Amino acid sequence: MRRPAIFVTGAASGIGRACAELFAARGWYVGLYDVNGEGVARIAAELGEHNATSGVLDVSDPDGWEAALAHFWVRSGQRLDVLFNNAGILSAGPFETVPLAKHRAMLDVNVGGMIVGCHCALRYLRKTPGARVINMASATAIYGQPDLVTYSATKFAVRGFTEGLDLEWSQYGIRVSDIWPSFVSSAMAAGFKSIASAQSLGIRLTPADVAATVWRCATGRRLIHKTHWMVGLQAGTLSFATRVAPTAMTRWVVRLLAH
Ligand SMILES: NC(=O)c1ccc[n+]([C@@H]2O[C@H](COP(=O)([O-])OP(=O)(O)OC[C@H]3O[C@@H](n4cnc5c(N)ncnc54)[C@H](O)[C@@H]3O)[C@@H](O)[C@H]2O)c1
């Protein structure tokens, strides 16, 4: 039997890289795609040409997606078991101090990239029995975050998109889930210095912690499908608390953490 294959965006660094390495170590064929073509080529070479392939992809570019997926489809032996929409960018700071171009870029990459990716990948996913889509959300999708308002809004969009598409694509047998980590010690963490909630909560997760959850999400067989996957105690506790506590209390806690 041919081995399963995962297509990872944003694979040159942090969580994407950790996932690519974990899945390759566990016998999957891995496609690493990123705007940083040299970065993914280097990692793919380390993983070995029989285990991995790579390519340049800006996730906001539909033509780029078409070419990358066609390339991956051939290299993987015609299967796409998991599409992992992981690429994302973050600009932090008070809303009006972040240039408009950076707000737009977060929408284009964090939301647009996921939408275009799913649109282009459907025909390949449908040809792979049991295929899954995993989108990268964040604990900022639990409640809107000061100093991260647009970033947080993009992750709310990931959450809603995932819920709706999961229901739509169940007709094709394709499961759609998302991953919600709190702060992670990746390159993105350089942007957390000015974020009060990152200082209050601390950066307690590593990319490997997130990769372990992505692995369980991709390979677990559950009787009842789980759409949202929390990573770490903080995200789990906050998410649970918002479901049982009055909204006013959640707002008060978020305000406290952010000051
Ligand atoms: N770091 C955290 O605390 C944290 C927490 C929750 C969720 N996330 C999410 O996890 C994902 C990965 O982030 P990370 O922490 O590994 O950050 P990272 O900065 O280490 O990695 C992001 C990768 O995405 C790539 N990328 C950026 N724009 C791209 C584009 N247009 N097309 C393709 N690739 C692009 C970058 O080159 C980089 O390799 C993001 O979606 C992020 O929002 C991160």
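For the structure, see preceding data.
Here's a quick rundown of the structure. Since the model is a prediction, treat every value here as computed from it, not as a measurement.

**Quick word on unusual backbone geometry**
(1) Moving on: With phi around 65°, Gln 78 is a residue other than glycine that occupies positive phi space.
(2) Moving on: In this structure, Asp 147 takes a positive phi of about 70° despite not being glycine.
(3) Moving on: The residue Asp 147 is located in the loop between β5 (132-136) and α5 (149-169) in this model.
(4) Moving on: Residue classification places Asp 147 among the partly exposed positions, given a relative accessible area of 22%.

**Digging into the packing of aromatic side chains**
In this description, a pair of aromatic rings is defined by centroid distance and the angle of the planes.
(1) Moving on: By the definition in use, this model includes 10 aromatic pairs.
(2) Moving on: Between Phe 7 and Trp 65, the aromatic rings sit 5.4 Å apart at their centres with planes inclined by 20°, giving stacked as the arrangement. Taken together, the positions of Phe 7 in strand β1 (residues 5-9) and Trp 65 in helix α3 (residues 62-75) put the pair 58 residues apart, joining distant regions of the chain.
(3) Moving on: When its relative accessible area of 0% is taken as the criterion, Phe 7 is described as buried.
(4) Moving on: Geometrically, the ring pair formed by Phe 7 and Phe 72 is edge-to-face, given 5.4 Å between the ring centres and 85° between the ring planes. Placement of the pair is Phe 7 in strand β1 and Phe 72 in helix α3, with a sequence separation of 65 residues.
(5) Moving on: Residue classification places Phe 72 among the buried positions, given a relative accessible area of 1%.
(6) Moving on: Linked through ring pairs, Phe 7, Tyr 29, Tyr 33, Trp 65 and Phe 72 together constitute an aromatic cluster.
(7) Moving on: Directly above the ring of Trp 215 sits Arg 26, whose terminal nitrogen or CZ lies 5.0 Å from the centroid.

**Regarding the packing of helix α4 (residues 100-126) against α5**
When two helices pack together, their arrangement is captured by the angle between the axes and the distance separating the axes.
(1) Moving on: At a closest axis distance of 8 Å, the pairing of α4 and α5 adopts a crossing angle of 15°. Judged by the angle between their axes, α4 and α5 are roughly parallel. As α4 packs across α5, the resulting crossing turns out to be right-handed. For the pair formed by α4 and α5, the contact residues are His 103, Met 106, Leu 107, Asn 110, Val 111, Met 114, Ile 115, Cys 118, Leu 122 and Leu 125 on the first element and Thr 150, Tyr 151, Thr 154, Lys 155, Ala 157, Val 158, Phe 161, Leu 165 and Trp 169 on the second.
(2) Moving on: Within the contact of α4 with α5, the residues separate by chemical class into 14 nonpolar, four polar and one charged.

**Observations concerning the nonpolar core**
(1) Moving on: Counting 34 residues, the largest nonpolar core has Val 30, Leu 32, Phe 84 and Ile 179 as the members making the most contacts within it.
(2) Moving on: Put simply, the parts of the chain that give this core at least two residues each are β1, α1 (14-25), β2 (29-34), α2 (37-47), β4 (82-85), β5, α7 (207-219) and β7 (228-231).
(3) Moving on: Tallying contributions element by element places α1 first for this core, with seven residues.
(4) Moving on: Each residue touching Val 30, except ones within four places of it in the same chain, is listed here: Ile 6, Val 8, Ala 20, Phe 23, Ala 24, Asn 51, Ala 52, Thr 53 and Phe 72.
(5) Moving on: Judged by nonpolar contacts, the second largest core, of 28 residues, contains Leu 57, Phe 72, Ala 121 and Val 176.

**Points about the pairing of strand β3 (residues 52-56)**
(1) Moving on: The pairing of β2 with β3 spans five bridges and is classified as parallel. Pairing of Tyr 33 across the sheet is with Gly 55, part of β3.
(2) Moving on: The handedness of the β2 to β3 crossover, carried by α2, is right-handed.

**Considerations on the site of the ligand**
(1) Moving on: Around the ligand, 28 residues are found, and the nearest of them are Ser 13, Asp 34, Tyr 151, Val 184 and Ser 186.
(2) Moving on: Contact distances for the ligand include 2.6 Å between an oxygen atom and a side-chain N or O atom of Ser 13.
(3) Moving on: Coverage of the ligand by the protein chains reaches 91% of its 830 Å² of free accessible surface.
(4) Moving on: Of all the secondary-structure elements, those providing two or more residues to the shell around the ligand are α1 and α5.
(5) Moving on: Across the shell around the ligand, the residue classes break down as 17 nonpolar, eight polar and three charged.

**Considering a negative patch on the surface**
(1) Moving on: Together, Asp 58, Asp 61, Asp 63 and Asp 108 give the surface a local cluster of negative charge.
(2) Moving on: Residue placement: Asp 61 occurs in the loop between β3 and α3.

**Section: the packing of α3 against α4**
(1) Moving on: Their axes nearest at 10 Å, the elements α3 and α4 cross at an angle of 40°. As judged from the angle between their axes, α3 and α4 are oblique. For α3 against α4, the interelement crossing comes out right-handed. For the pair α3 and α4, the contacting residues are Pro 62, Trp 65, Glu 66, Leu 69, Ala 70 and Trp 73 in the first and Gly 113, Val 116, Gly 117, Cys 120, Ala 121, Arg 123 and Tyr 124 in the second.
(2) Moving on: Residue composition of the contact of α3 with α4, grouped by class: nine nonpolar, two polar and two charged.

Definitions and limits used
Along each chain, residues carry numbers from 1 onward, in the same order as the chain's sequence is written. For this predicted model, a pLDDT threshold of at least 70 governs which residues receive local features, and a threshold of 80 or more governs which side-chain atom pairs are given and counted, while totals over whole chains, interfaces and linings are taken from all residues. With hydrogens and water stripped out, all remaining heavy atoms of the structure feed into the side-chain values. The way it works is that DSSP assigns letters per residue, a run of H or I at least four long becomes a helix, a run of E at least two long becomes a strand, and they are numbered from the N terminus. Accessibility here uses a 1.4 Å probe with only protein chains present; expressed as a share of the type maximum, an area under 20% marks a residue as buried, one over 50% as exposed, and anything in between as partly exposed. Here the aromatic set is Phe, Tyr and Trp, taking the six-membered ring for Trp, and pairing holds for ring centres within 6.5 Å; pairs whose planes are under 30 degrees apart are stacked, those over 60 apart are edge-to-face, and all others are tilted. Comment: the charge-over-ring label is applied if NZ (Lys) or CZ (Arg) is within 6 Å of the ring centre and within 35 degrees of the ring normal. As a rule, the C-alpha atoms of each element are fitted with a line to give its axis, helices using only the stretch in contact, and angles between N-to-C directions run from 0 to 180 degrees. Comment on the angle field: the value is read as roughly parallel under 35 degrees, roughly antiparallel over 145, roughly perpendicular from 65 to 115, and oblique elsewhere. Two helices crossing with the near one rotated counterclockwise from the far one by less than a right angle form a left-handed crossing, whereas a clockwise rotation gives a right-handed crossing. Two residues qualify as a contact provided that any one of their heavy atoms is within 4.5 Å of a heavy atom in the partner residue. Residues are sorted three ways: Asp, Glu, Lys and Arg are charged, Ala, Val, Leu, Ile, Met, Phe, Trp, Tyr, Cys and Pro are nonpolar, and all the rest, Gly among them, are polar. Think of a nonpolar core as a cluster: buried Ala, Val, Leu, Ile, Met, Phe, Trp, Tyr and Cys residues, connected wherever their side-chain atoms sit within 4.5 Å. The pairing criterion for strands is at least two bridges between them, as found by DSSP. Orient the strands so they point away from the viewer, and a crossover whose first-strand-to-second-strand path over the helix runs clockwise is right-handed. Put simply, a residue is near a molecule or strand once any heavy atom of it comes within 4 Å of that molecule or strand. Throughout this description, a polar contact denotes any pair of N or O atoms lying within 3.5 Å of each other; where both atoms belong to protein, one of them has to be capable of donating a hydrogen while the other can accept it, and for residues adjacent in sequence the pair is counted only when both atoms sit in side chains. Accessible surface area values rest on a Shrake-Rupley calculation with a 1.4 Å probe, where residue burial reflects the displayed protein chains alone. For patch building, the residue pool is restricted to those with more than 30% relative accessible area and no salt bridge; the joining distance is 9 Å between like charges and 5 Å between nonpolar side chains (Val, Leu, Ile, Met, Phe, Trp, Tyr). Think of a salt bridge as a Lys or Arg side-chain nitrogen and an Asp or Glu carboxyl oxygen that are within 4 Å of each other. Residues scored as charged are limited to Lys and Arg (positive) and Asp and Glu (negative), so that His and the chain ends carry no count. Working definition for charges: the position is that of NZ of Lys, CZ of Arg, CG of Asp or CD of Glu.

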